[in-house]
Amino acid sequence: MESQLTILLPVAAVWLAAGVVADGLPRLRTTCLLRRRTGWLLVLALTGVALTATVLGAGLLSAGTAPVDRAAAGLTLAAGPALVATVCSLRRIRRLRAGAGAFVSAPGTPAPHGLRAAAAHPLIGLPLQVTALATVPAVIGAIGTDLGADPGVTGPAITVGALAVIAIGVRHALRHSRFAERAQPNVPRSARAASPLHV
């Protein structure tokens, strides 16, 4: 049990750190900070993907009930969100870092609303945070509490997890919309169009 927990804890910790860093990106005020944090986030996300793939691959190659097999079985729930993070989030993080890097000659430049809107995009933070959430049952199971053993616990646990994912998604969508609206150029309204029509 202990060695299974030793395998799972670093994976869960890396995904949790990536989710926390991604959540703070839209609040950064300067392009220098945004570029630095996206660099950290890229490293954390790549590390999380590599660790998850290593554990799942080792579980497939190993036969029996070794700790790595139990760890891989626990991480199957996180495989889907980790794949989405690999396909969607990593590409967006690289593009965001390149966009912030365009201001490298003026490090004190305030982060434009367009960059902050891109940082708040749901496909950056949501897959990372959902993957971190999906590693929690594996860690709890490694400690010794099997959420799937008792039907009275399984149902509420699934409901709480689904509600948490929905809440995270709605929060990211609202925040992205707010920054995207601020990034839109102000188009002056025509005074003639606003006035009553005279014949």
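Description of the structure in this document. All values derive from a computational prediction rather than experimental measurement. (Residues numbered from 1 in each chain as written. Predicted model: local features only at pLDDT ≥ 70, side-chain atom pairs only at ≥ 80, totals over all residues. Heavy atoms only, no water.)

**Quick look at the pattern of salt bridges**
Right, so step 1: A full pass over the atoms with the stated rule returns 3 salt bridges.
Right, so step 2: One salt bridge connects D23 with R171, and the closest N-O pair in it is separated by 2.5 Å. Here D23 is found in helix α1 (residues 2-24), whereas its partner R171 is found in helix α8 (residues 151-183), with 148 residues between them in sequence.
Right, so step 3: Judged by its relative accessible area of 15%, D23 is buried. (Salt bridge = Lys/Arg side-chain N within 4 Å of Asp/Glu carboxyl O. Helix = DSSP H or I, 4+ residues; strand = E, 2+ residues; numbered from the N terminus. Buried < 20%, exposed > 50% of the residue type's maximum accessible area, 1.4 Å probe, protein only.)

**Regarding the packing of helix α2 (residues 31-61) against helix α4 (residues 76-101)**
Right, so step 1: Relative to each other, α2 and α4 sit at 155°, their axes nearing to 9 Å. In terms of orientation, α2 and α4 fall into the roughly antiparallel class. You can see that α2 and α4 cross each other, and the crossing is left-handed. Contacts from T31, L34, R35, T38, G39, L41, L42, A45, L46, V49, T52 and L56 in α2 reach T76, A79, A82, T86, L90, I93, R94, L96, R97, A100 and G101 in α4.
Right, so step 2: A per-class count over the contact of α2 with α4 returns 13 nonpolar, 7 polar and 3 charged. (Axes fitted to C-alpha atoms, helices over the stretch in contact; angles between N-to-C directions. Parallel < 35°, antiparallel > 145°, perpendicular 65-115°, else oblique. Left-handed = near helix turned anticlockwise from the far one by under 90°. Contact = heavy atoms within 4.5 Å. Nonpolar A, V, L, I, M, F, W, Y, C, P; charged D, E, K, R; others polar.)

**A few points about the environment of P137**
Right, so step 1: Within the fold, P137 resides in helix α7 (residues 136-143).
Right, so step 2: With a relative accessible area of 32%, P137 lands in the partly exposed category.
Right, so step 3: Sequence separation of P137 and A157 is 20 residues, and the distance between their C-alpha atoms is 9.2 Å.

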